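# Tertiary structure, described
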Amino acid sequence: MTLRAGHAAATDWREAARRCLAGIGPTRDATLGFLYLSDTLEGDPAEMLDHLRQATGVRHWVGSVGVGVLASGVEYLDEPAMAIMLTDFPESEFSVFSGKARPPQPGTRTATGAGAAHFAIVHGDPGTDDMPELIEDMSMKVASGFLVGGLSSSRGEAYQIADEVLRGGISGVVFSDRIDIGTRLTQGCSPVGPRHLITDAQRNILVTLDGRPALEVFKEDIGAVAARDLQRASAYLHAALPVAGSDTGDYLVRNVMGIDPQNKLVAIGAHVESGQSVMFCKRDADTAREDLERMLGSITAERGRPRGGLYYACLGRGAHMFGRKSREMEILRDALGDVPLVGFACNGEISHDRLYGYTGVLALFY
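Cut-offs used in this document
Residues numbered from 1 in each chain as written. Predicted model: local features only at pLDDT ≥ 70, side-chain atom pairs only at ≥ 80, totals over all residues. Heavy atoms only, no water. Patch = residues over 30% accessible without salt bridge, like charges linked within 9 Å, V, L, I, M, F, W, Y side chains within 5 Å. Areas by Shrake-Rupley, 256 points an atom, 1.4 Å probe, with all protein chains shown as cover. Salt bridge = Lys/Arg side-chain N within 4 Å of Asp/Glu carboxyl O. Lys, Arg positive; Asp, Glu negative; His and termini not counted. Charge placed at Lys NZ, Arg CZ, Asp CG, Glu CD. Helix = DSSP H or I, 4+ residues; strand = E, 2+ residues; numbered from the N terminus. Axes fitted to C-alpha atoms, helices over the stretch in contact; angles between N-to-C directions. Parallel < 35°, antiparallel > 145°, perpendicular 65-115°, else oblique. Left-handed = near helix turned anticlockwise from the far one by under 90°. Contact = heavy atoms within 4.5 Å. Nonpolar A, V, L, I, M, F, W, Y, C, P; charged D, E, K, R; others polar. Pairing = 2+ DSSP bridges. Phe/Tyr/Trp six-rings, centres within 6.5 Å; stacked < 30°, edge-to-face > 60°. Buried < 20%, exposed > 50% of the residue type's maximum accessible area, 1.4 Å probe, protein only. Lys NZ or Arg CZ within 6 Å of the ring centre and 35° of its normal.

The next subject is a negative patch on the surface. Judged by side-chain charge, D129, D130, E133 and E136 come together as a negatively charged surface patch. Among the structural elements, E136 can be located in helix 3 (residues 131–139).

Structure (structure tokens):
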């Protein structure tokens, strides 16, 4: 199995494509392409796709638009750019899907006898109201239960690529169990206090935690110094909702949206109910770097060096979280080696059967 990647920034999309393909080299045996386009790259994405199909001979393509595109060691943010990865997976072992082309039914076998629907790379439209439900439903259609991907991000029109340019819903590619894939997620957070029981809540407002006013618990967890300036603290402190049944301590991070000192309430970016658990966590450059390095150390220790991969990072990460442009992608390259790797800055990240925020989601091919 061979993976090859190319990436380039250029104001003219044809020039960006030329540079990408020059970096990739011969494409004779390629069967599947991943294509990520920045939202500032002017031109018709359908025309770009047709051009690449003709230039490479590759029939099957999946991808998305993003406010930035990613590649090994580099981020192209707020500039016109393109990133491409070509693979030579046997065509019998993958299936491009969308609302117009259904994935293989569970239990279907490929010509080689492999389970046809094992793992999926997924892209979605952030404007689709029932996206969490679509993700959960799609995860039940693959044997591993695992999806990896992200929601399109754009200051203009959001779109996906699944053998054509599409809007709305989800799309991507399903792989058989003959394609060896490993995946990890980095949250970039660390808890600042213990887990609490939500004892009273109204929609997205925490009223009481452990039977005490929510704001009192919040201030106690974050400490006296941070509690002196709650508006500033809410920029880097978040609510974390533990995922029920997770054996890896997984949690969903949501913003602290507002604080009511008079009534001692805390509003967060998710609807919650009494009986759920919540904890508070911080996100800063040090915790983001440490968690990313932990995640990379875990997968490299278990699986070794990959042949290549895909990385989907929240558009709020990058320089905002790591201090300077491309630092996050340099950390990945240092840990994985300079292997073919592409991705994009997402408006929501997909891992397993859930939609996340502020995370980095990695899928590696072995």
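Two elements in contact, helix 7 (residues 285–303) and helix 9 (residues 327–336), have axes separated by 10 Å at closest approach and are oriented at 25°. In terms of their interaxial angle, helix 7 and helix 9 are classed as roughly parallel. For the crossing formed where helix 7 meets helix 9, the hand is right-handed. Where helix 7 approaches helix 9, its residues R289, L292, E293, L296 and T300 are matched on the opposing element by E328, I331, L332, A335 and L336. Looking at the contact of helix 7 with helix 9, its residues break down into six nonpolar, one polar and three charged.

If you walk across this open sheet you meet the six strands as 7-12-8-9-24-25, and the pairing is mixed. The outermost strands of the open sheet, each flanked by one partner alone, are strand 7 (94–97) and strand 25 (354–356). Taking the axes of each pair of neighbouring strands and ignoring which way they run, one obtains an average angle of 15° across the sheet. In this structure, strand 9 (residues 146–151) lies alongside strand 24 (residues 349–352), joined through four bridges in antiparallel fashion. Residue V148 lies in a different strand from strand 24, and its bridge partner there is S351.

For the rest of this paragraph, the subject is the packing of aromatic side chains. To describe a pair of aromatic rings, one takes the distance between the centres and the angle between the planes. Taken as a whole and assessed by the stated rule, the structure comprises eight aromatic pairs. Centre to centre, the rings of F34 and F365 are 6.5 Å apart; their planes meet at 40°, and the pair counts as tilted. Here F34 is found in strand 2 (residues 32–38), whereas its partner F365 is found in strand 26 (residues 360–365), with 331 residues between them in sequence. With respect to burial, F34 and F365 carry one shared label: buried. With centroids separated by 5.7 Å and ring planes inclined at 80°, the aromatic side chains of Y312 and F344 adopt a geometry described as edge-to-face. Placement of Y312 in strand 22 (residues 308–314) and of F344 in strand 23 (residues 341–346) is noted, with a sequence separation of 32 residues between them. Since its relative accessible area comes to 0%, F344 is described here as buried. Grouped by ring-pair contacts, the aromatic residues F34, F89, F175 and F365 constitute a single cluster. Taking NZ or CZ as reference, R303 lies 4.1 Å from the ring centre of Y366, over its face.

Right, let's get into unusual backbone geometry. Positive phi values are uncommon outside glycine, yet D78 reaches one of about 55°. Within the secondary structure layout, D78 lies in the loop between strand 5 (74–77) and strand 6 (81–87). The class of D78 is exposed, set by a relative accessible area of 56%. If you check the backbone angles, D163 has positive phi at about 70° while not being a glycine. When you line up the elements, D163 lands in the loop between strand 10 (160–162) and strand 11 (165–166).

The next subject is the pattern of salt bridges. Counting across every chain of the model gives 25 salt bridges. In this structure, D78 engages R155 in a salt bridge whose closest nitrogen and oxygen atoms are separated by 2.6 Å. Placement of D78 in the loop between strand 5 and strand 6 and of R155 in the loop between strand 9 and strand 10 is noted, with a sequence separation of 77 residues between them. Judged by its relative accessible area of 54%, R155 falls in the exposed class. Between R327 and E330 there is a salt bridge; the shortest N-O distance is 3.4 Å. Of the two residues, R327 and E330 are both situated in helix 9; the distance of three residues between them amounts to about one turn of the helix. You can call E330 buried: its relative accessible area is 16%.

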